[in-house]
Amino acid sequence: MADLVFDCLDAAPERYGVVPSLNLRLRISEVTGERIEAIALRCQIRVEPHRRRYSPQEAELLRDLFGDTARWADTVKPMQFTTVTAMVPGFTGATTLELPVPVTYDLEIASTKYFNSVSDGVIPLLLLFSGTVFSMREGRMSVQQVPWSKETSYGLPVKVWRETVDLHFPGSAWLRLDRETLNALQRYKSRHALPTWSGTVAALLEVAEQTEGSAK
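Thresholds applied
Residues numbered from 1 in each chain as written. Predicted model: local features only at pLDDT ≥ 70, side-chain atom pairs only at ≥ 80, totals over all residues. Heavy atoms only, no water. Pairing = 2+ DSSP bridges. Helix = DSSP H or I, 4+ residues; strand = E, 2+ residues; numbered from the N terminus. Axes fitted to C-alpha atoms, helices over the stretch in contact; angles between N-to-C directions. Core = buried A, V, L, I, M, F, W, Y, C linked by side-chain atoms within 4.5 Å. Buried < 20%, exposed > 50% of the residue type's maximum accessible area, 1.4 Å probe, protein only. Contact = heavy atoms within 4.5 Å. Expected span 1.5 Å × (residues − 1). Arc of directions from axis to C-beta. Patch = residues over 30% accessible without salt bridge, like charges linked within 9 Å, V, L, I, M, F, W, Y side chains within 5 Å. Areas by Shrake-Rupley, 256 points an atom, 1.4 Å probe, with all protein chains shown as cover. Salt bridge = Lys/Arg side-chain N within 4 Å of Asp/Glu carboxyl O. Disulfide = S-S within 2.5 Å.

**Quick word on the pairing of strand S3 (residues 36-47)**
Turning to step 1, where the next piece is worked out: Here S3 pairs with strand S4 (residues 79-91) via eleven bridges, running antiparallel. Note on S4: the bridge partner recorded for Gln 44 is Thr 83.
Turning to step 2, where the next piece is worked out: Pairing geometry for S3 and strand S6 (residues 122-137), over eleven bridges, is antiparallel. The residue bridging Arg 42 from the neighbouring strand is Ser 130, located in S6.

Here is the structure:
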C-alpha cells in the first residue's frame, strides 16, 4: 500500500488570477517506493488561532470573534477556512504541487475577520488531506483512499495574505449592507455633499466619537 507524507513548503500570491488567490506549495512524498500514477486530492484548510500570541491591538480587533480575552480559553477554537481540490500527476518518490487557494475580503466570514485582525507574524493553518490514490500493481490499476489521518501544519505569513488581497483591492476593504442602511447612508452622503463612501463613514464616526465624548 502506498504511504504518503504531506508537507507545505511555502505560499505566494497568485498574481494573474481572475479572483484573489494564493498558491500553497506542497511536497508529497511516497515512502514505500511505489509508483503513483495520479492522486485526486482534496484538502480541507482550517485556521488554528490558539497556536499564536496576539498584541493588545489585535486582541481588540478579535473581540467580535472571540469576546473578551478573559474568555479566550473557551472561545478561541479552530475555524474553517476553505476546501480545495487538485489532480496530482504521477510521480515516484516525491513531487511538488502548487495548490491554488481562493481568498475573499468578505468581512462577514469568520476566517476573513481573523485574517484582517492580525497585523504581522503568521496565520496558523492545519491542512487535512483526503482523496483517491491511483497506482499500478502487476499490470493492474490499484485504487486506495488517502487516509483521513494525513495532515500537516503551516504558518501562513500575514504579509502573503495581505499582498494577495491588495493585488485586487489595494488599500480597500468591503462591507455588505442591507438596502435600507445603504439608502440611509446615501441620503446622508448627499445631504452633506460628501464625495466618497469612505468619507461618509468617516464623518459618521467623527460625529459618534464627539457624541460619546460629550456624554462622558
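**Looking at the sheet that holds strand S2 (residues 21-30)**
Turning to step 1, where the next piece is worked out: Across the sheet, three strands lie side by side as S1-S2-S5; this open sheet has antiparallel pairing. At either end of the open sheet lies a strand with only one pairing partner, and these are strand S1 (4-13) and strand S5 (94-102). On average, each strand axis in the sheet is inclined to that of its neighbour by 25 degrees, with strand direction left out of account.
Turning to step 2, where the next piece is worked out: Inspection of the sheet shows S2 paired to S5 by nine bridges, in the antiparallel sense. The partner of Ile 28 across the bridge, within S5, is Thr 95.

**Thoughts on the nonpolar core**
Turning to step 1, where the next piece is worked out: Counting 48 residues, the largest nonpolar core has Leu 24, Ile 39, Leu 41, Tyr 114, Ile 123 and Leu 127 as its most contacted members.
Turning to step 2, where the next piece is worked out: Discounting chain neighbours no more than four positions away, the residues touching Ile 39 are Leu 4, Ile 28, Ala 86, Met 87, Val 88, Phe 91, Thr 132, Val 133 and Val 146.

**A look at helix H6 (residues 179-191)**
Turning to step 1, where the next piece is worked out: Here H6 spans 18 Å end to end across 13 residues, near enough to the 18 Å set by a 1.5 Å rise per residue.
Turning to step 2, where the next piece is worked out: Turning to H6, its buried residues number three or more, namely Leu 185, Tyr 188 and Lys 189. Along the axis of H6, the buried residues cluster in a sector spanning 100 degrees; they form a single face. For H6, the exposed residues set more than 90 degrees away from the buried face come down to Arg 179, Glu 180, Arg 187, Ser 190 and Arg 191.
Turning to step 3, where the next piece is worked out: Just past H6, the residue Ala 193 takes up positive phi, approximately 55 degrees.

**Re a nonpolar patch on the surface**
Turning to step 1, where the next piece is worked out: Side chains of Leu 175, Leu 177, Leu 182 and Trp 197 sit close together on the surface and give an oily, nonpolar patch of about 390 Å² of accessible area.
Turning to step 2, where the next piece is worked out: With respect to the helices and strands, Leu 177 occurs in the loop between helix H5 (158-166) and H6.
Turning to step 3, where the next piece is worked out: With a relative accessible area of 39%, Leu 177 lands in the partly exposed category.

**Concerning the pattern of salt bridges**
Turning to step 1, where the next piece is worked out: Considering all chains together, one arrives at nine salt bridges under this definition.
Turning to step 2, where the next piece is worked out: Between Glu 163 and Arg 15 there is a salt bridge whose closest N-O contact spans 2.3 Å. Separated by 148 residues along the polypeptide, Glu 163 in helix H5 and Arg 15 in the loop between S1 and S2 bring together distant segments of the chain.
Turning to step 3, where the next piece is worked out: Taking relative accessible area as the criterion, Glu 163 reaches 31% and is therefore assigned partly exposed.
Turning to step 4, where the next piece is worked out: Exposure remark for Arg 15: the relative accessible area of 45% places this residue in the partly exposed category.
Turning to step 5, where the next piece is worked out: Taking the shortest distance from any N to any O, the salt bridge between Arg 63 and Glu 60 comes out at 3.2 Å.
Turning to step 6, where the next piece is worked out: The exposure class of Glu 60 is partly exposed, given its relative accessible area of 46%.

**Regarding the state of the cysteines**
Turning to step 1, where the next piece is worked out: In this structure the tally under the stated criterion is zero disulfides.
Turning to step 2, where the next piece is worked out: Of all cysteine sulfurs in the structure, the one in Cys 43 sits closest to Cys 8, which takes part in no disulfide; the separation is 8.3 Å.
Turning to step 3, where the next piece is worked out: Overall, the relative accessible area of 1% leaves Cys 43 in the buried class.

Read these as layout, nothing more, since geometry by itself doesn't imply function.
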